[in-house]
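Per-entry structural report
Residues per chain, in single letters:
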Amino acid sequence: MSKAPLRGGLRERLRGSWRVLLKEITAFGLVGAIAFVVQMGLFNYLYYHHHIGPLTANAVGMIVSVAVAYVGNRYLSFSHRARSGLAREAAFFFIINAIAFVFAEALLALFAYPFGFRHDGFVMNVVNVVGIGLGTLFRFWAYKRFVFLAPDRVTGPSADGSAEPVER
């Protein structure tokens, strides 16, 4: 038996996997850039123009940017992935973002209050960007793992009630 077809098939599968990953990263980056502009724009607008504290300004910015990111990620970044139900996807998406939000708020609170940089806009912006960056790495991993599933990870009930993969 010749191994050439197997090697060619594996090569094509790997090439296809890299293309999918590149598409996901590129689209996730584009959606993330838009959400970043929304979040930082609202943060700075509220912080500088309305003199709202950094934690409240960040919370408002993050809530709006998460809504933008959900739509973008569902319909652009991970549009090729299996649909496992809007309610399930949205619940996991918002739980993951809540975890990232708590981390970002804790980081901002640390620099704003114990370290005393609450009124230093530059420091608050740098800390916010670092929090968003770390949260972005977590989100990309978590979205692929828990929210927008690969087709072979979606299960549904079979005729006998046990879980089996569902073709989509």
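Residues numbered from 1 in each chain as written. Predicted model: local features only at pLDDT ≥ 70, side-chain atom pairs only at ≥ 80, totals over all residues. Heavy atoms only, no water.

Turning our attention to unusual backbone geometry. Even without being glycine, H51 reaches a positive phi, approximately 55 degrees. The topology assignment puts H51 in the loop between α1 (4-49) and α2 (54-77). (Helix = DSSP H or I, 4+ residues; strand = E, 2+ residues; numbered from the N terminus.)

Time to look at the pattern of salt bridges. Summed over the entire model, instances satisfying the criterion amount to four salt bridges. A salt bridge links R74 to E89; its shortest N-O distance comes to 2.8 Å. Separated by 15 residues along the polypeptide, R74 in helix α2 and E89 in helix α3 (residues 86-112) bring together distant segments of the chain. In this structure R74 comes out as buried when scored by relative accessible area, which is 9%. Owing to a relative accessible area of 0%, E89 belongs among the buried residues under this scheme. (Salt bridge = Lys/Arg side-chain N within 4 Å of Asp/Glu carboxyl O. Buried < 20%, exposed > 50% of the residue type's maximum accessible area, 1.4 Å probe, protein only.)

Turning our eyes to something else, we now look at the environment of G85. With respect to the element layout, G85 can be found in the loop between α2 and α3. On the accessibility criterion, G85 (31% relative accessible area) is partly exposed. Along the sequence, G85 and V147 sit 62 residues apart, while their C-alpha atoms lie 9.8 Å from each other.

Looking now at the packing of α2 against α3. Contact pair α2 / α3: the axes reach a minimum separation of 10 Å and the direction vectors enclose 150 degrees. Between α2 and α3, the angle is such that the two are roughly antiparallel. The way α2 lies across α3 gives a crossing that is right-handed. When the residues that make up the contact of α2 with α3 are grouped by side-chain class, the tally is 17 nonpolar, three polar and three charged. (Axes fitted to C-alpha atoms, helices over the stretch in contact; angles between N-to-C directions. Parallel < 35°, antiparallel > 145°, perpendicular 65-115°, else oblique. Left-handed = near helix turned anticlockwise from the far one by under 90°. Nonpolar A, V, L, I, M, F, W, Y, C, P; charged D, E, K, R; others polar.)

For the rest of this paragraph, the subject is a nonpolar patch on the surface. A cluster of nonpolar residues, L30, I34, V60, I63, V64, V68 and L76, forms a patch on the protein surface that exposes about 560 Å² of accessible area. Considering every element that reaches the nonpolar patch, the biggest residue donor is α2, with five residues. With respect to the helices and strands, the residue I34 is situated in helix α1. For I34, a relative accessible area of 46% corresponds to the partly exposed category. (Patch = residues over 30% accessible without salt bridge, like charges linked within 9 Å, V, L, I, M, F, W, Y side chains within 5 Å. Areas by Shrake-Rupley, 256 points an atom, 1.4 Å probe, with all protein chains shown as cover.)

Moving on to the packing of aromatic side chains. With the rule as written, the count across this model stands at 19 aromatic pairs. Aromatic side chains F111 and F117 sit 6.5 Å apart centroid to centroid with 35 degrees between the ring planes, which places their arrangement in the tilted category. Of the residues examined, F111 reaches a relative accessible area of 24% and is grouped as partly exposed. A ring pair is formed by W141 and F146, whose centres lie 5.6 Å apart and whose planes are at 85 degrees; its orientation type is edge-to-face. A relative accessible area of 48% places W141 in the partly exposed class. A relative accessible area of 32% places F146 in the partly exposed class. Cluster of aromatic residues (ring-pair linked, three or more members): F28, Y70, F78, F93, F94, F140, Y143 and F148. (Phe/Tyr/Trp six-rings, centres within 6.5 Å; stacked < 30°, edge-to-face > 60°.)

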